[in-house]
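# Architecture at a glance
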Amino acid sequence: MGDTVLNLLHSLLPRFPGVLEITLCSSDGSVLATAASPYADVETTDDDSQSRLATCVASSASQARKVLGASIRSTMAFFDNLIVIHVNAAPLIVCFICEVTANTGAILDSVDSIQATLRPVADLVAPEGSS
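Residues numbered from 1 in each chain as written. Predicted model: local features only at pLDDT ≥ 70, side-chain atom pairs only at ≥ 80, totals over all residues. Heavy atoms only, no water.

### Observations regarding the overall build of the protein
When its secondary structure is counted, the protein shows 4 helices and 5 strands. Tracing the protein from N to C terminus, the helices and strands come up as α-β-β-α-β-β-β-α-α. Of the contacts made within the protein by residues no fewer than 6 positions apart, 54% connect residues no fewer than 24 positions apart. (Helix = DSSP H or I, 4+ residues; strand = E, 2+ residues; numbered from the N terminus. Contact = heavy atoms within 4.5 Å.)

Written as structure tokens, this is what we have:
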């Protein structure tokens, strides 16, 4: 599964200029794979940070579903030199680490396409009986 997941993530990188790294996590925070842009010249985050962030996003999505009856499709955080976007592709969380000049709208507009691309992985990660 490792090479397949990595190939899927690498296939997403050229679609979104300005993305430095894409990390795929399960909703429990396990880092499944990370693909870095060959043009990335900054250190982004480590697996432990990605794991904690993914768990927070999954938990927030779960709580929103309970309280609001709606689900969170994505979250975005802005930092001095990076933008972090998390896409909820339950049971997966996709984290995009981007330059501040990245076209974040293109990523957010592509959530359905991203989920479709990663569906084979989501099916493997999903708990039995949840499909």
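### Section: the side chain of serine 37
Residue position: serine 37 is located in the loop between strand 2 (31–36) and helix 2 (47–68). In this structure serine 37 comes out as buried when scored by relative accessible area, which is 12%. The contacts of serine 37, once residues within four sequence positions are left out, are Leu13, Val19 and Leu20. (Buried < 20%, exposed > 50% of the residue type's maximum accessible area, 1.4 Å probe, protein only.)

### Observations concerning the layout of surface pockets
Approximately 170 Å³ is the volume attributed to the largest pocket. Every residue lining the largest pocket is listed: His10, Leu13, Pro14, Phe16, Pro17, Gly18, Val19, Leu20, Ser37, Pro38, Tyr39 and Glu99. Among the residues forming the lining of the largest pocket, the class breakdown is 8 nonpolar, 3 polar and 1 charged. (1 Å grid on protein atoms, 1.4 Å probe; cavity = no way out; pocket = protein on both sides within 12 Å on 5 of 7 lines; lining within 4 Å. Points joined across faces, edges and corners; volume = space filled by probe spheres on them. Nonpolar A, V, L, I, M, F, W, Y, C, P; charged D, E, K, R; others polar.)

### So, the sheet that holds strand 2
One open sheet holds the 5 strands; their spatial order is 2-1-5-4-3, and the pairing between them is antiparallel. Bordering the open sheet on either side are strand 2 and strand 3 (74–78), each of which pairs with just one other strand. Pairwise comparison of adjacent strand axes, ignoring direction, gives a mean angle of 15 degrees for this sheet. Where strand 3 lies against strand 4 (residues 83–89), 5 bridges are found, and the strand directions are antiparallel. When the sheet's bridge partners are listed, phenylalanine 78 is paired in strand 4 with isoleucine 83. Packed onto the sheet, helix 4 (residues 111–125) meets strand 1 (19–26), strand 2, strand 4 and strand 5 (92–98) and runs at close to 135 degrees relative to strand 5. (Pairing = 2+ DSSP bridges. Axes fitted to C-alpha atoms, helices over the stretch in contact; angles between N-to-C directions.)

### Observations regarding helix 4
In helix 4, a bend of some 60 degrees at arginine 119 exceeds every other bend along the element, and proline 120, a proline, comes one to four places later. Of the positions making up helix 4, those classed as buried are Val111, Ile114, Leu118, Val121 and Ala122. (Bend = angle between axes of the 7 residues up to and from the residue.)

### Structural notes on the environment of leucine 92
Relative to the elements of secondary structure, leucine 92 occurs in strand 5. The spatial distance from the C-alpha of leucine 92 to the C-alpha of aspartate 28 is 8.8 Å, given a sequence separation of 64 residues. Residue contacts for leucine 92: discarding those within four places in its chain leaves Leu24, Cys25, Leu32, Val87, Leu118, Val121, Ala122 and Val125.

### Observations concerning the packing of aromatic side chains
Under the criterion given, the structure shown has 1 aromatic pair. Geometrically, the ring pair formed by phenylalanine 16 and phenylalanine 96 is edge-to-face, given 5.9 Å between the ring centres and 85 degrees between the ring planes. Residue phenylalanine 16 is located in the loop between helix 1 (2–12) and strand 1, and its partner phenylalanine 96 is located in strand 5; the two are separated by 80 residues in the primary sequence. Look at phenylalanine 96 and you get buried, because its relative accessible area is 0%. (Phe/Tyr/Trp six-rings, centres within 6.5 Å; stacked < 30°, edge-to-face > 60°.)

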